[in-house]
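Secondary and tertiary structure notes
Here is what each chain is made of, one letter per residue.
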Amino acid sequence: MSFRKVNIVILVLAVALFLLVLHHNFLGLSSLLRNEVSDSGILGLQPVDFIPNAPQHVVDGREEEIPVVIAASEDRLGGAIAAINSIQHNTRSNVIFYIVTLNGTADHLRSWLSSSNLKSIRYKIVNFDTKLLEGKVKEDPDQGESIKPLTFARFYLPILVPRAKKAIYMDDDVIVQGDILALYNTPLKPGHAAAFSEDCDSTSAKVVIRGAGNQYNYIGYLDYKKERIRKLSMKASTCSFNPGVFVANLTEWRRQNITNQLEKWMKLNVEEGLYSRTLAGSITTPPLLIVFYQQHSTIDPMWNVRHLGSSAGKRYSPQFVKAAKLLHWNGHFKPWGRTASYTDVWEKWYIPDPTGKFSLIRRHVEISNTK
(Lines give C-alpha, C1' and ligand atoms only; values in the text may rest on other atoms or scores of the structure.)
Protein backbone atom coordinates (compact mmCIF):
# COMPACT_ATOMS: atom_id res chain seq x y z
CA MET A 1 0.00 0.00 0.00
CA SER A 2 1.37 3.38 -1.03
CA PHE A 3 2.11 6.15 1.44
CA ARG A 4 -0.68 8.25 -0.09
CA LYS A 5 -3.26 5.47 0.40
CA VAL A 6 -2.20 5.08 4.04
CA ASN A 7 -2.81 8.78 4.62
CA ILE A 8 -6.24 8.55 3.04
CA VAL A 9 -7.18 5.58 5.26
CA ILE A 10 -5.98 7.43 8.38
CA LEU A 11 -7.95 10.51 7.36
CA VAL A 12 -11.13 8.49 6.81
CA LEU A 13 -10.76 6.77 10.19
CA ALA A 14 -10.18 10.13 11.89
CA VAL A 15 -13.30 11.60 10.30
CA ALA A 16 -15.34 8.53 11.31
CA LEU A 17 -14.06 8.77 14.89
CA PHE A 18 -14.90 12.49 14.99
CA LEU A 19 -18.45 11.82 13.77
CA LEU A 20 -18.94 9.09 16.40
CA VAL A 21 -17.81 11.44 19.18
CA LEU A 22 -20.04 14.20 17.84
CA HIS A 23 -23.01 11.84 17.69
CA HIS A 24 -22.40 10.66 21.25
CA ASN A 25 -22.21 14.24 22.53
CA PHE A 26 -25.38 15.15 20.68
CA LEU A 27 -27.25 12.27 22.30
CA GLY A 28 -25.92 13.31 25.70
CA LEU A 29 -27.06 16.89 25.15
CA SER A 30 -30.51 15.71 24.03
CA SER A 31 -30.82 13.57 27.15
CA LEU A 32 -29.80 16.49 29.35
CA LEU A 33 -32.35 18.77 27.73
CA ARG A 34 -35.07 16.19 28.30
CA ASN A 35 -34.21 16.05 32.01
CA GLU A 36 -34.35 19.82 32.47
CA VAL A 37 -37.56 21.53 33.55
CA SER A 38 -37.19 24.62 31.42
CA ASP A 39 -39.71 27.45 31.44
CA SER A 40 -37.40 30.06 29.94
CA GLY A 41 -40.16 31.66 27.92
CA ILE A 42 -42.23 32.68 30.93
CA LEU A 43 -42.32 36.38 31.76
CA GLY A 44 -41.02 37.24 35.19
CA LEU A 45 -40.26 33.72 36.38
CA GLN A 46 -36.95 32.45 35.06
CA PRO A 47 -35.28 29.13 35.94
CA VAL A 48 -31.77 29.37 37.34
CA ASP A 49 -31.29 25.75 38.32
CA PHE A 50 -32.47 22.34 37.26
CA ILE A 51 -33.69 19.13 38.83
CA PRO A 52 -31.03 16.44 39.28
CA ASN A 53 -31.73 13.06 37.72
CA ALA A 54 -34.48 11.10 39.43
CA PRO A 55 -33.50 7.97 41.39
CA GLN A 56 -33.64 4.87 39.18
CA HIS A 57 -36.54 3.26 41.07
CA VAL A 58 -38.60 6.39 40.49
CA VAL A 59 -37.86 6.43 36.76
CA ASP A 60 -38.59 2.73 36.34
CA GLY A 61 -41.80 2.86 38.35
CA ARG A 62 -42.97 6.08 36.68
CA GLU A 63 -44.16 7.32 40.04
CA GLU A 64 -46.24 10.49 39.94
CA GLU A 65 -44.32 13.64 40.71
CA ILE A 66 -45.46 15.74 43.67
CA PRO A 67 -44.60 19.41 43.06
CA VAL A 68 -44.05 21.37 46.29
CA VAL A 69 -43.67 25.14 45.91
CA ILE A 70 -41.91 27.07 48.65
CA ALA A 71 -40.55 30.63 48.71
CA ALA A 72 -37.05 31.19 50.05
CA SER A 73 -36.02 34.72 51.00
CA GLU A 74 -32.47 35.50 52.10
CA ASP A 75 -33.37 36.41 55.69
CA ARG A 76 -35.50 33.24 56.17
CA LEU A 77 -33.47 30.78 54.13
CA GLY A 78 -32.87 28.46 57.07
CA GLY A 79 -36.62 28.01 57.43
CA ALA A 80 -37.02 26.86 53.84
CA ILE A 81 -34.11 24.43 54.23
CA ALA A 82 -35.61 22.87 57.38
CA ALA A 83 -39.04 22.56 55.74
CA ILE A 84 -37.58 20.88 52.66
CA ASN A 85 -35.48 18.50 54.75
CA SER A 86 -38.48 17.46 56.87
CA ILE A 87 -40.60 16.74 53.78
CA GLN A 88 -37.88 14.74 52.06
CA HIS A 89 -37.14 12.54 55.08
CA ASN A 90 -40.78 11.67 55.79
CA THR A 91 -41.81 10.39 52.39
CA ARG A 92 -40.76 7.87 49.76
CA SER A 93 -42.71 9.70 47.08
CA ASN A 94 -41.21 11.47 44.09
CA VAL A 95 -41.21 15.03 45.43
CA ILE A 96 -39.88 17.93 43.36
CA PHE A 97 -39.29 21.23 45.13
CA TYR A 98 -39.90 24.43 43.21
CA ILE A 99 -37.96 26.95 45.29
CA VAL A 100 -38.90 30.53 44.46
CA THR A 101 -36.34 33.17 45.32
CA LEU A 102 -34.69 36.39 44.16
CA ASN A 103 -31.52 36.57 42.07
CA GLY A 104 -29.30 37.60 44.95
CA THR A 105 -30.21 34.52 46.99
CA ALA A 106 -29.81 31.81 44.33
CA ASP A 107 -26.09 31.13 44.84
CA HIS A 108 -26.46 31.00 48.62
CA LEU A 109 -29.39 28.60 48.32
CA ARG A 110 -27.59 26.38 45.82
CA SER A 111 -24.54 26.03 48.07
CA TRP A 112 -26.75 25.06 51.01
CA LEU A 113 -28.64 22.48 48.94
CA SER A 114 -25.37 20.89 47.86
CA SER A 115 -24.56 19.83 51.43
CA SER A 116 -24.40 16.08 52.01
CA ASN A 117 -27.72 15.84 53.87
CA LEU A 118 -29.63 17.41 50.97
CA LYS A 119 -27.95 15.92 47.90
CA SER A 120 -30.81 13.50 47.17
CA ILE A 121 -33.36 16.30 46.91
CA ARG A 122 -34.84 17.03 43.49
CA TYR A 123 -35.39 20.72 43.05
CA LYS A 124 -35.63 23.66 40.73
CA ILE A 125 -34.76 27.22 41.71
CA VAL A 126 -36.97 29.84 40.07
CA ASN A 127 -36.20 33.55 40.09
CA PHE A 128 -39.19 35.74 40.96
CA ASP A 129 -39.20 38.98 39.00
CA THR A 130 -40.57 41.74 41.22
CA LYS A 131 -41.81 43.59 38.12
CA LEU A 132 -44.78 41.24 38.21
CA LEU A 133 -46.06 43.19 41.21
CA GLU A 134 -45.75 46.70 39.77
CA GLY A 135 -49.03 48.56 40.25
CA LYS A 136 -50.44 45.73 42.36
CA VAL A 137 -48.76 46.34 45.73
CA LYS A 138 -48.38 49.60 47.60
CA GLU A 139 -45.47 49.87 50.01
CA ASP A 140 -46.67 50.48 53.54
CA PRO A 141 -44.21 50.35 56.48
CA ASP A 142 -47.06 49.22 58.73
CA GLN A 143 -47.75 46.21 56.49
CA GLY A 144 -44.54 44.21 56.30
CA GLU A 145 -45.61 41.88 53.52
CA SER A 146 -46.14 44.78 51.12
CA ILE A 147 -42.37 45.05 50.71
CA LYS A 148 -41.71 41.27 50.64
CA PRO A 149 -42.44 40.21 47.05
CA LEU A 150 -41.91 36.48 47.59
CA THR A 151 -45.04 36.30 49.75
CA PHE A 152 -47.03 36.73 46.52
CA ALA A 153 -45.38 33.77 44.75
CA ARG A 154 -48.36 31.59 45.69
CA PHE A 155 -50.55 33.65 43.35
CA TYR A 156 -48.55 32.43 40.34
CA LEU A 157 -48.54 28.65 40.83
CA PRO A 158 -49.51 27.66 37.26
CA ILE A 159 -46.55 29.69 35.97
CA LEU A 160 -44.17 28.29 38.56
CA VAL A 161 -45.19 24.70 37.81
CA PRO A 162 -46.33 24.92 34.17
CA ARG A 163 -46.66 21.21 33.41
CA ALA A 164 -48.33 20.04 36.61
CA LYS A 165 -52.03 19.36 37.10
CA LYS A 166 -51.76 19.66 40.87
CA ALA A 167 -49.31 21.17 43.37
CA ILE A 168 -48.76 21.92 47.05
CA TYR A 169 -47.81 25.37 48.30
CA MET A 170 -46.40 25.95 51.77
CA ASP A 171 -44.73 28.74 53.71
CA ASP A 172 -41.12 28.50 54.85
CA ASP A 173 -41.98 28.44 58.59
CA VAL A 174 -43.32 24.89 58.65
CA ILE A 175 -42.11 21.42 59.54
CA VAL A 176 -43.74 18.38 57.96
CA GLN A 177 -43.96 15.30 60.17
CA GLY A 178 -46.28 13.21 58.00
CA ASP A 179 -45.99 11.77 54.50
CA ILE A 180 -46.56 14.64 52.04
CA LEU A 181 -48.35 12.16 49.76
CA ALA A 182 -51.35 12.23 52.11
CA LEU A 183 -51.65 16.01 51.78
CA TYR A 184 -51.20 15.79 48.01
CA ASN A 185 -54.07 13.30 47.83
CA THR A 186 -56.50 15.70 49.52
CA PRO A 187 -59.77 15.41 47.56
CA LEU A 188 -60.97 18.64 45.94
CA LYS A 189 -64.62 19.10 45.04
CA PRO A 190 -65.55 19.61 41.37
CA GLY A 191 -64.95 23.22 40.35
CA HIS A 192 -62.64 23.96 43.29
CA ALA A 193 -59.14 25.18 42.42
CA ALA A 194 -57.69 24.87 45.94
CA ALA A 195 -58.09 23.33 49.39
CA PHE A 196 -57.20 25.33 52.51
CA SER A 197 -57.37 24.87 56.27
CA GLU A 198 -60.26 26.94 57.64
CA ASP A 199 -59.55 29.06 60.69
CA CYS A 200 -62.79 28.58 62.63
CA ASP A 201 -63.00 24.82 62.37
CA SER A 202 -59.33 23.93 62.49
CA THR A 203 -57.67 22.09 65.32
CA SER A 204 -55.49 25.16 65.85
CA ALA A 205 -58.54 27.33 66.54
CA LYS A 206 -59.29 25.30 69.68
CA VAL A 207 -56.41 27.16 71.29
CA VAL A 208 -57.97 30.35 72.64
CA ILE A 209 -56.03 33.43 71.63
CA ARG A 210 -56.74 36.45 73.77
CA GLY A 211 -57.31 39.65 71.83
CA ALA A 212 -57.63 37.83 68.53
CA GLY A 213 -60.70 39.88 67.69
CA ASN A 214 -62.02 39.11 64.23
CA GLN A 215 -58.95 37.39 62.89
CA TYR A 216 -60.97 34.25 62.06
CA ASN A 217 -63.60 36.11 60.02
CA TYR A 218 -63.70 37.97 56.73
CA ILE A 219 -64.26 41.28 58.52
CA GLY A 220 -60.78 40.91 59.99
CA TYR A 221 -59.29 41.16 56.49
CA LEU A 222 -61.69 43.26 54.40
CA ASP A 223 -63.03 46.78 54.88
CA TYR A 224 -66.81 46.40 54.81
CA LYS A 225 -67.22 50.16 54.81
CA LYS A 226 -66.12 50.16 51.18
CA GLU A 227 -68.94 49.90 48.65
CA ARG A 228 -67.01 47.54 46.38
CA ILE A 229 -66.66 45.03 49.22
CA ARG A 230 -70.31 45.35 50.23
CA LYS A 231 -71.40 44.67 46.64
CA LEU A 232 -69.72 41.27 46.81
CA SER A 233 -72.42 40.17 49.29
CA MET A 234 -69.92 38.16 51.32
CA LYS A 235 -70.97 37.67 54.93
CA ALA A 236 -68.57 39.46 57.26
CA SER A 237 -68.85 36.59 59.75
CA THR A 238 -67.68 34.03 57.18
CA CYS A 239 -64.80 31.95 58.49
CA SER A 240 -61.45 32.85 56.92
CA PHE A 241 -58.82 30.32 55.90
CA ASN A 242 -55.05 30.15 56.16
CA PRO A 243 -53.15 30.40 52.83
CA GLY A 244 -49.81 29.29 54.28
CA VAL A 245 -50.42 25.67 53.29
CA PHE A 246 -52.74 24.59 50.51
CA VAL A 247 -53.28 22.09 47.71
CA ALA A 248 -54.07 23.47 44.26
CA ASN A 249 -55.82 21.92 41.29
CA LEU A 250 -53.83 23.76 38.65
CA THR A 251 -56.03 22.65 35.78
CA GLU A 252 -59.00 24.30 37.45
CA TRP A 253 -56.85 27.27 38.50
CA ARG A 254 -55.97 27.92 34.86
CA ARG A 255 -59.51 27.40 33.64
CA GLN A 256 -60.86 29.98 36.08
CA ASN A 257 -57.94 32.41 35.54
CA ILE A 258 -57.40 32.56 39.29
CA THR A 259 -54.11 34.44 38.96
CA ASN A 260 -55.79 37.18 36.91
CA GLN A 261 -58.59 37.42 39.46
CA LEU A 262 -56.10 37.79 42.32
CA GLU A 263 -54.18 40.47 40.44
CA LYS A 264 -57.43 42.35 39.82
CA TRP A 265 -58.14 42.63 43.55
CA MET A 266 -54.54 43.57 44.30
CA LYS A 267 -54.83 46.51 41.86
CA LEU A 268 -58.21 47.55 43.23
CA ASN A 269 -56.81 47.60 46.75
CA VAL A 270 -53.97 49.91 45.64
CA GLU A 271 -56.56 52.23 44.10
CA GLU A 272 -59.32 52.04 46.73
CA GLY A 273 -57.86 50.57 49.94
CA LEU A 274 -60.15 47.55 50.30
CA TYR A 275 -58.31 45.66 53.01
CA SER A 276 -59.05 45.94 56.71
CA ARG A 277 -56.49 47.91 58.68
CA THR A 278 -56.01 44.99 61.07
CA LEU A 279 -55.42 42.39 58.36
CA ALA A 280 -54.57 39.79 60.99
CA GLY A 281 -50.97 40.04 59.81
CA SER A 282 -51.27 39.15 56.14
CA ILE A 283 -51.95 41.24 53.04
CA THR A 284 -51.76 38.18 50.79
CA THR A 285 -54.86 36.70 52.41
CA PRO A 286 -57.59 39.23 51.38
CA PRO A 287 -57.43 38.61 47.59
CA LEU A 288 -57.54 34.87 48.20
CA LEU A 289 -60.53 35.22 50.54
CA ILE A 290 -62.43 37.14 47.87
CA VAL A 291 -61.60 34.88 44.94
CA PHE A 292 -62.18 31.63 46.85
CA TYR A 293 -65.28 32.75 48.78
CA GLN A 294 -67.37 29.59 49.27
CA GLN A 295 -65.36 28.04 46.41
CA HIS A 296 -62.67 26.01 48.11
CA SER A 297 -62.24 22.58 49.64
CA THR A 298 -60.62 21.88 53.02
CA ILE A 299 -57.51 20.03 54.08
CA ASP A 300 -57.18 17.88 57.19
CA PRO A 301 -56.61 20.34 60.08
CA MET A 302 -53.72 18.23 61.33
CA TRP A 303 -51.94 19.24 58.12
CA ASN A 304 -51.75 22.86 59.23
CA VAL A 305 -51.41 23.07 63.01
CA ARG A 306 -50.78 26.76 63.48
CA HIS A 307 -49.91 29.54 65.91
CA LEU A 308 -46.60 28.09 67.09
CA GLY A 309 -45.21 31.52 66.25
CA SER A 310 -47.39 33.21 68.86
CA SER A 311 -47.92 32.86 72.60
CA ALA A 312 -50.74 30.41 71.86
CA GLY A 313 -48.22 27.82 70.68
CA LYS A 314 -47.07 27.26 74.24
CA ARG A 315 -50.51 25.87 75.07
CA TYR A 316 -50.13 22.83 72.82
CA SER A 317 -49.20 19.63 74.62
CA PRO A 318 -46.07 17.75 73.53
CA GLN A 319 -48.30 14.80 72.62
CA PHE A 320 -50.42 16.95 70.30
CA VAL A 321 -47.35 18.50 68.66
CA LYS A 322 -45.91 15.04 68.06
CA ALA A 323 -49.16 13.87 66.45
CA ALA A 324 -49.45 16.85 64.10
CA LYS A 325 -48.73 16.14 60.43
CA LEU A 326 -47.55 19.69 59.78
CA LEU A 327 -46.48 22.35 62.29
CA HIS A 328 -46.76 26.01 61.28
CA TRP A 329 -44.93 28.79 63.14
CA ASN A 330 -47.14 31.57 61.74
CA GLY A 331 -47.00 34.68 63.89
CA HIS A 332 -44.23 37.03 64.93
CA PHE A 333 -41.97 34.42 66.56
CA LYS A 334 -40.11 32.18 64.15
CA PRO A 335 -38.40 28.93 65.19
CA TRP A 336 -35.00 30.25 64.15
CA GLY A 337 -35.52 33.18 66.53
CA ARG A 338 -35.62 33.52 70.31
CA THR A 339 -39.15 33.09 71.60
CA ALA A 340 -41.06 30.60 69.44
CA SER A 341 -42.60 27.46 70.91
CA TYR A 342 -41.16 23.99 70.30
CA THR A 343 -37.97 25.20 68.65
CA ASP A 344 -36.39 21.84 69.52
CA VAL A 345 -38.83 20.12 67.16
CA TRP A 346 -37.88 22.51 64.38
CA GLU A 347 -34.13 22.21 65.01
CA LYS A 348 -34.33 18.45 64.45
CA TRP A 349 -34.68 19.22 60.73
CA TYR A 350 -32.48 22.29 60.48
CA ILE A 351 -29.18 21.90 58.63
CA PRO A 352 -26.50 24.51 59.49
CA ASP A 353 -25.57 26.93 56.74
CA PRO A 354 -22.22 25.85 55.22
CA THR A 355 -21.50 29.48 54.29
CA GLY A 356 -22.16 30.74 57.84
CA LYS A 357 -24.39 33.58 56.59
CA PHE A 358 -27.51 32.27 58.35
CA SER A 359 -27.39 31.45 62.04
CA LEU A 360 -29.95 30.70 64.72
CA ILE A 361 -30.77 33.39 67.27
CA ARG A 362 -30.91 31.89 70.74
CA ARG A 363 -31.05 33.40 74.19
CA HIS A 364 -27.93 32.92 76.31
CA VAL A 365 -30.08 31.68 79.18
CA GLU A 366 -31.55 28.96 76.97
CA ILE A 367 -28.09 27.79 75.97
CA SER A 368 -26.87 27.72 79.57
CA ASN A 369 -29.95 25.75 80.69
CA THR A 370 -29.21 22.98 78.22
CA LYS A 371 -25.74 22.32 79.59
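Just so it is clear, the model here is predicted, and its values are computed rather than measured.

Definitions and cut-offs
- Residues numbered from 1 in each chain as written.
- Predicted model: local features only at pLDDT ≥ 70, side-chain atom pairs only at ≥ 80, totals over all residues.
- Heavy atoms only, no water.
- Helix = DSSP H or I, 4+ residues; strand = E, 2+ residues; numbered from the N terminus.
- Contact = heavy atoms within 4.5 Å.
- Buried < 20%, exposed > 50% of the residue type's maximum accessible area, 1.4 Å probe, protein only.
- Phe/Tyr/Trp six-rings, centres within 6.5 Å; stacked < 30°, edge-to-face > 60°.
- Lys NZ or Arg CZ within 6 Å of the ring centre and 35° of its normal.
- Polar contact = N/O pair within 3.5 Å; in protein donor to acceptor, adjacent residues only side chain to side chain.
- Core = buried A, V, L, I, M, F, W, Y, C linked by side-chain atoms within 4.5 Å.
- Axes fitted to C-alpha atoms, helices over the stretch in contact; angles between N-to-C directions.
- Left-handed = near helix turned anticlockwise from the far one by under 90°.
- Nonpolar A, V, L, I, M, F, W, Y, C, P; charged D, E, K, R; others polar.
- Pairing = 2+ DSSP bridges.
- Salt bridge = Lys/Arg side-chain N within 4 Å of Asp/Glu carboxyl O.
- pLDDT = per-residue confidence, 0-100.
- Expected span 1.5 Å × (residues − 1).

**Looking at the overall build of the protein chain**
When helices and strands are tallied, the protein chain shows 13 helices and 10 strands. Taking the contacts inside the protein chain whose residues are at least 6 apart along the sequence as the reference set, 75% of them involve residues at least 24 apart.

**Regarding unusual backbone geometry**
The residue S233 is not glycine, and still its phi comes out positive at about 55°. By the secondary structure assignment, S233 is in the loop between α7 (227-230) and β8 (241-249). In this structure S233 comes out as exposed when scored by relative accessible area, which is 60%. Unlike most non-glycine residues, N257 shows phi in positive territory, near 50°.

**Structural notes on the packing of aromatic side chains**
Applying the stated criterion across every chain yields a total of 15 aromatic pairs. Aromatic side chains F152 and F155 sit 5.8 Å apart centroid to centroid with 75° between the ring planes, which places their arrangement in the edge-to-face category. Assigned by exposure class, F152 and F155 land together as buried. Joined through ring pairs, the aromatic side chains of Y169, F196, F241, F246, W253 and F292 make up one cluster. In this structure, K166 packs its charged tip against the face of Y184, placed 5.0 Å from the ring centre.

**As for the side chain of T101**
By secondary structure assignment, the location of T101 is in strand β3 (residues 94-101). Polar contacts involving the side chain of T101 include one to the main-chain carbonyl oxygen of A72, which spans 2.7 Å. The residues touching T101, leaving out its near neighbours within four places in the chain, are A72, A106, L109, I125, V126, N127, F128 and L150.

**What about the nonpolar core?**
What tends to happen in soluble globular proteins is that the nonpolar side chains get buried as a cluster. With 53 residues, the main nonpolar core has V68, F97, I99, I168, M170, I180 and L183 as its most contacted residues. The dominant element in this core, judged by the number of residues it contributes, is helix α3 (residues 77-89), at 7 residues. Excluding its chain neighbours within four sequence positions, the residues that come into contact with L183 are I168, M170, V245, V247, I299 and W303. Core analysis: the second largest hydrophobic core is formed by 50 residues, V69, A167, L268 and Y293 among them.

**Here's the deal with the packing of α3 against helix α4 (residues 103-113)**
As a packed pair, α3 and α4 sit with axes 11 Å apart at the nearest point and diverge in direction by 40°. Considering only the axes of α3 and α4, their crossing is right-handed. Counting all contacts with α3, which are made through L77, G78 and I81, the residues of α4 involved are T105, H108, L109, W112 and L113. Residues that form the contact of α3 with α4 fall into these classes: 5 nonpolar, 3 polar and no charged.

**Notes on the pairing of β8**
Residues in a regular strand point their side chains to alternate faces of the sheet. With 8 of its 9 residues buried, β8 lies for the most part within the structure. Pairing of strand β5 (residues 166-170) with β8, which is carried by 5 bridges, proceeds in the antiparallel orientation. Paired with Y169 across the strands is F246, a residue of β8. Examined bridge by bridge, strand β7 (residues 194-198) and β8 share 4 bridges and lie antiparallel to one another.

**Section: the pattern of salt bridges**
Considering all chains together, one arrives at 12 salt bridges under this definition. E65 is the partner of R122 in a salt bridge, and the nearest nitrogen-oxygen pair spans 3.9 Å. Remark: E65 occurs in strand β2 (residues 65-71) and R122 occurs in strand β4 (residues 122-128); sequence separation between them is 57 residues. Given the relative accessible area of 40%, E65 is considered partly exposed. A salt bridge links D107 to R110, with the nearest nitrogen and oxygen atoms 2.8 Å apart. Taken together, the residues D107 and R110, both in helix α4 and 3 residues apart, mark about one turn of the helix. Among the residues examined, D107 registers a relative accessible area of 57% and is labelled exposed. Using a relative accessible area of 26% as the deciding quantity, one classes R110 as partly exposed.

**Some details on the confidence of the model for the protein chain**
Mean pLDDT over the protein chain: 83, with 74% of residues reaching 70 or higher. Contacts of residues 208-213 to residues separated by more than four positions or lying in other chains number 5 contacts, the stretch itself having pLDDT below 50.

**Let's talk about the pairing of β5**
Within β5, 5 of the 5 residues are buried, which leaves it mostly tucked inside the rest of the structure. By the alternation rule, side chains of β5 split into K166, I168 and M170 and A167 and Y169, which are all buried.

**Some details on α3**
With 13 residues, α3 should reach 18 Å at 1.5 Å per residue; the first-to-last C-alpha distance of 19 Å fits that figure. In terms of burial, α3 is largely enclosed, as 11 of its 13 residues are buried. The set of residues buried in α3 consists of L77, G78, G79, A80, I81, A82, A83, I84, N85, S86 and I87.

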